[in-house]
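Observations on chain architecture
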Amino acid sequence: MGSNAAENHPISFKWVEKAIEERNAKLIVVDPRITKSASLATLYAPLRSGTDIAFLGGIINYALQKNLIQKEYVLEYTNASYLVSTDFKFDDGLFSGYDAAKRKYDNKTWAYQMDEKGVPKQDKSLKDPQCVYQLLKTHYSRYTPEKVESITGCPQKTFLKVAEMFVSTHKPDKVATIMYAMGTTQHTVGTQNVRAFSVLQLLMGNMGLAGGGINALRGESNVQGSTDHGLLYHIIPGYLPAPDSKKHATLAQYNESAPKTNDPMSINWWSNRPKYLVSMLKAWYGDAATKENDFCYDWFPKLSKPTPYIVLFEDMLKGVIKGAFYMGTNPIVGGPNTNRAIKAMENLDWLVAADLWETDSAIFWRRPGVNPEKIKTEVFLLPAAASIEKEGSVSNSGRWAQWRYKAVKPPGDAKPDLDMLDLILKEVQSLYAKEGGKFPDPILKVNWNYTAEGEHEPSPHLVAKEINGYTWADKKQLESFMLLKDDGSTASGCWIYCGSYPGENLMARRGTDEGPNGIGMYPGWAWCWPINRRIIYNRASVNRKGQPWDPKRAVVTWDGTAWKGDVVDGGAKFGPDTKNPFIMNDEGVGRLFAKGLVDGPFPEHFEPMESPVQNMLNSQKVNPASLILEEVGEFGSVVHYPYIGTSYRVTEHWQAGAMTRNLPWLTELVPDMFCEISPTLAKLKGIKNGDKVKIFNNRGKISAFALVTERIRPLKVAGKDVEMVGMIWHFGQGCSATGDSCNLLTPSIGDANTMIPEYKAFLVDIKKEEA
């Protein structure tokens with residue numbers, strides 16, 4: 001769901017096909033299109049783009065109404081029995097604490113009732129109306145099969161087949177996994193879409209089990225590694241929250257914000273946050289980081305406001321941001337609302353683009369129809385090394401960090417990213433030393449020692465060793481993050497990778513032993529964070545006696561004195577009856593009701609910002625907590641743009657196209673920008689297969705070739721047919737093969753929690769281009 005793995009993540013799909021062939025596994029595909037994955041499915045269900053929560057909420061309701069849940073798992077390992085404050089309310093799409101003027105929630109009422117020891121109260125009978133189970137049941141009782149059909153367009157008969165098949169995995173000896181990608185996340189409710197997966201899998205008892213869980217399929221080979229190391233604005237390496245300039249002005253304030261619990265059953269792993277931050281500061285600032293100066297915490301950048309992608313480009317448009325580095329990114333193809341992004345880039349004083357070839361973004365100043373003399377931005381193009389031209393690690397969707405070696409030298413002046421950054425920092429340090437400048441200490445005193453003695457280029461091995469961590473006094477590599485301290489005696493660039501390079505480079509291992517219990521964990525192949533644990537939350541794979549829910553697929557087992565199997569979550573000294581399994585939550589259990597998101601403790605269906613229909617579950621239109629920037633007033637109406645637009649990838653092109661539109665053997669396969677429409681829409685608009693069409697809305701217009709196909713069909717939504725125009729998004733006006741970017745049409749709005757743009761559901765019109 002939200003993923004076309006057969007085409008876009010084929011290596012993952014190899015194992016799906018193997019499971020179907022060898023184990024008679026069942027594959028369910030839920031997608032607005034009949035994709036390659038759908039063509040291979042046991043059961044395919046269509047849905048209108050942007051209605052995932054309505055569909056998933058219907059399955060949750062089906063499971064609860066028919067009591068088809070893993071009752072023991074739910075009772076022991078989730079917060080189903082926890083009592084929620086009597087002040088918590090939900091009405092007409094809004095949870096208690098909503099401030100309409102600010103479009104924000106105060107989540108004080110989304111709290112547990114506490115006993116005299118400060119431990120959440122529970123009702124193990126699950127009958128109390130304030131227990132999470134009853135609140136959940138009430139919330140999703142509105143998501144009836146009839147309502148699911150009306151909202152999503154999925155026929156009720158098909159939906160019920162999906163629900164019946166999926167919830168059959170509530171039995172302890174059955175299991176299901178969910179594979180999702182950008183089709184799930186690129187919505188104004190993207191995070192809550194994933195939360196709905198979590199609720200469903202917890203009810204089924206599928207988290208922590210072999211073959212279970214929720215698998216995010218990454219669109220690039222190292223998106224996982226990039227995220228692990230703090231790519232996103234709201235986290236720093238190791239998923240530590242980014243410090244807020246107001247809330248976390250001092251190290252003490254940051255450390256005080258770490259989760260706390262009085263529950264003796266909770267391991268509460270995030271209580272170790274101070275150890276991980278201080279060790280990271282020590283790795284960054286070295287000798288300059290001392291206890292007396294709070295380990296240079298004052299030097300560390302802090303958020304003054306949320307700065308997701310859309311906000312960055314708005315600040316660029318306002319002239320707040322003067323310069324930018326684009327390293328392996330092509331924003332005017334890959335980002336939303338391209339015309340607005342281009343205007344923003346024209347306000348830059350300088351732009352550095354590091355890539356394999358000239359990209360559409362690197363030559364924005366001489367794009368068709370523009371006078372370069374009127375663009376003030378000075379652009380520097382740095383030729384970069386491709387992945388096979390440099391050494392280092394990549395981390396896949398399963399958290400396996402795998403070392404790759406350099407096959408060939410990069411051509412000409414092309415350099416690996418590490419070499420570029422090393423040269424730039426050293427030159428900036430030289431300028432600071434010669435000329436001075438504001439706040440020089442973090443630049444001049446940074447701990448930057450990645451070039452071995454006698455060498456001229458930095459070594460990725462030295463970077464990897466620092467990421468792993470070491471004792472500061474004797475520079476001895478650490479074997480586990482269990483050894484990290486908050487007193488400055490240890491340094492580690494990213495705590496979750498501690499153990500990856502303890503001496504030997506474990507990421508380079510290529511052991512082919514399947515590992516314990518014969519379930520394909522391969523513990524000697526590469527290295528998996530954390531501490532080579534192959535299945536996270538594996539404590540949840542056993543009951544309170546330590547016996548696997550499914551003995552045929554045992555992940556770990558407790559023999560009464562010790563754990564056997566995979567590296568057990570939460571430390572080997574705790575038995576299954578003494579600690580809860582979900583160690584990263586301060587309750588220690590999975591959250592059916594969650595306080596941590598900005599838009600509500602339960603996933604609730606809201607329409608996309610641009611939708612062809614009104615919300616049929618509540619009177620709210622878009623997610624009430626989504627950030628709507630006042631200056632972005634370019635949202636369309638179904639009156640003018642009656643069709644749903646959505647974007648996706650094809651196998652033959654890679655992301656924004658810079659790596660594939662310059663290669664003739666790939667551009668011959670898909671040489672032009674195209675869209676897909678149904679035969680019914682084609683007939684209505686007088687469009688034939690292969691015709692050139694114009695797709696447009698109030699943000700822009702694009703030309704594309706029309707592919708008229710049965711893979712896209714109208715859906716009956718609220719009693720009327722709703723059509724969709726599907727577009728690939730790989731093209732732009734640079735590179736060898738050119739075409740219009742689909743993202744000229746996508747809006748500047750995103751998910752309430754992450755602000756990932758809403759690429760998957762917006763409004764357009766389409767018509768045949770005149771000859």
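The shown structure was predicted, so the numbers you read here are calculated from the model rather than taken from an experiment.

Re the overall build of the chain
The helix and strand inventory of the chain stands at 21 helices and 28 strands. For 771 residues, the compact-globule estimate of 2.2 N^0.38 gives 28 Å, and the chain sits close to it at 26 Å. Projected onto its principal axes, the C-alpha positions of the chain cover 75 × 70 × 55 Å. Of the contacts formed within the chain by residues at least 6 apart in sequence, a portion of 70% connects residues at least 24 apart. Carbon and sulfur atoms make up 54% of the accessible area of the chain, which amounts to about 33400 Å² in all. A distance of 4 Å separates the average location of the 89 positive side-chain charges in the chain from that of its 87 negative side-chain charges.

Focus: the pattern of salt bridges
With the rule as written, the count across this model stands at 28 salt bridges. A salt bridge links E256 to K260; the nearest nitrogen and oxygen atoms lie 3.5 Å apart. Comparing E256 with K260, the two get one shared label, exposed. A salt bridge links K716 to D721, with the nearest nitrogen and oxygen atoms 3.2 Å apart. Each member of the salt-bridge network shares a partner with another, and the members are R33, E676 and R711.

Looking at the sheet that holds strand β15 (residues 400-404)
If you walk across this open sheet you meet the 3 strands as β14-β15-β18, and the pairing is antiparallel. Because the sheet does not close on itself, it has two edges, and the strands there are β14 (392-395) and β18 (527-528). Two strands pair when backbone bridges link them, and β14 and β15 are joined in this way by 4 bridges, in the antiparallel orientation. Each bridged residue has a counterpart across the sheet, and for S393 the counterpart in β15 is W403.

A short note on the sheet that holds strand β12 (residues 350-355)
Reading across from one edge, β11-β12-β13 is the order of the 3 strands in this open sheet, with parallel pairing throughout. If you trace the sheet from one side to the other, it starts and ends with β11 (323-327) and β13 (378-383), each paired once. The mean angle between the axes of side-by-side strands here comes to 10 degrees, regardless of whether they run parallel or antiparallel. In this structure, β12 lies alongside β13, joined through 6 bridges in parallel fashion. Of the residues in β13, the one forming a bridge with D355 is P383.

Structural notes on the nonpolar core
Core analysis: the biggest nonpolar cluster contains 71 residues, and F55, I59, I69, Y73, L136, L203 and L592 have the highest contact counts within it. Examining the composition of this core, we find that 9 residues originate from one element, helix α4 (residues 52-65), more than from any other. When near neighbours in sequence (up to four residues on either side) are disregarded, L203 contacts I60, L64, I69, Q70, V74, L136 and L592. Counting residues in hydrophobic clusters, the runner-up holds 38 residues, among them W269, L303, Y497 and M507.

Structural notes on helix α6 (residues 132-140)
Considered for burial, the residues of α6 that qualify are V132, Y133, L135, L136, H139 and Y140. For α6, the arc enclosing every buried residue in end-on projection is 165 degrees, short of the 170-degree limit, so these residues lie on one face.

Digging into the state of the cysteines
Going through the model one piece at a time under the given rule, you end up with 0 disulfides. Cysteine C735 is unpaired, with the sulfur of C742 as its nearest cysteine sulfur at 16 Å. On the basis of relative accessibility, which here comes to 17%, the residue C735 falls in the buried class.

Observations regarding unusual backbone geometry
For the bond from W529 to P530, the omega torsion is -5 degrees, close enough to zero to count as cis. Structurally, P530 is set in the loop between β18 and β19 (556-558). Residue Y239 is not a glycine yet carries a positive backbone phi of 65 degrees. Looking at the secondary structure, you find Y239 in the loop between β9 (235-236) and β10 (240-241). For N268, which is not a glycine, the phi torsion comes out positive at approximately 50 degrees. As for its position among the elements, N268 is in the loop between α12 (251-256) and α13 (273-285). Take N268: its relative accessible area is 4%, and that puts it in the buried class.

What to know about the environment of M507
With respect to the helices and strands, the residue M507 is situated in the loop between β17 (490-491) and β18. The exposure class of M507 is buried, given its relative accessible area of 2%. Sequence separation of M507 and G392 is 115 residues, and the distance between their C-alpha atoms is 9.5 Å.

Some words on the pairing of strand β21 (residues 643-648)
Among the 6 residues of β21, 6 are classified as buried, and the element is accordingly described as predominantly covered. Neither face of β21 is exposed, since Y643, G645 and S647 on one face and I644, T646 and Y648 on the opposite face are all buried. The pairing of β21 with strand β28 (residues 762-768) spans 3 bridges and is classified as antiparallel. Its bridge partner being in β28, Y643 is matched across the sheet by V764.

Notes on the packing of α4 against helix α7 (residues 145-152)
Running from N to C, α4 and α7 cross one another at 165 degrees; their axes reach a closest spacing of 9 Å. Of the possible angle classes, the one that applies to α4 and α7 is roughly antiparallel. The way α4 lies across α7 gives a crossing that is left-handed. Every residue of α7 that contacts α4 at A54, F55 and G58 is listed here: V148, I151 and T152. For the contact of α4 with α7, the class distribution of residues is 4 nonpolar, 2 polar and no charged.

Calculation notes
- Residues numbered from 1 in each chain as written.
- Predicted model: local features only at pLDDT ≥ 70, side-chain atom pairs only at ≥ 80, totals over all residues.
- Heavy atoms only, no water.
- Helix = DSSP H or I, 4+ residues; strand = E, 2+ residues; numbered from the N terminus.
- Rg over C-alpha atoms; globule rule 2.2 N^0.38 Å.
- Contact = heavy atoms within 4.5 Å.
- Areas by Shrake-Rupley, 256 points an atom, 1.4 Å probe, with all protein chains shown as cover.
- Lys, Arg positive; Asp, Glu negative; His and termini not counted.
- Charge placed at Lys NZ, Arg CZ, Asp CG, Glu CD.
- Salt bridge = Lys/Arg side-chain N within 4 Å of Asp/Glu carboxyl O.
- Buried < 20%, exposed > 50% of the residue type's maximum accessible area, 1.4 Å probe, protein only.
- Pairing = 2+ DSSP bridges.
- Axes fitted to C-alpha atoms, helices over the stretch in contact; angles between N-to-C directions.
- Core = buried A, V, L, I, M, F, W, Y, C linked by side-chain atoms within 4.5 Å.
- Arc of directions from axis to C-beta.
- Disulfide = S-S within 2.5 Å.
- Parallel < 35°, antiparallel > 145°, perpendicular 65-115°, else oblique.
- Left-handed = near helix turned anticlockwise from the far one by under 90°.
- Nonpolar A, V, L, I, M, F, W, Y, C, P; charged D, E, K, R; others polar.

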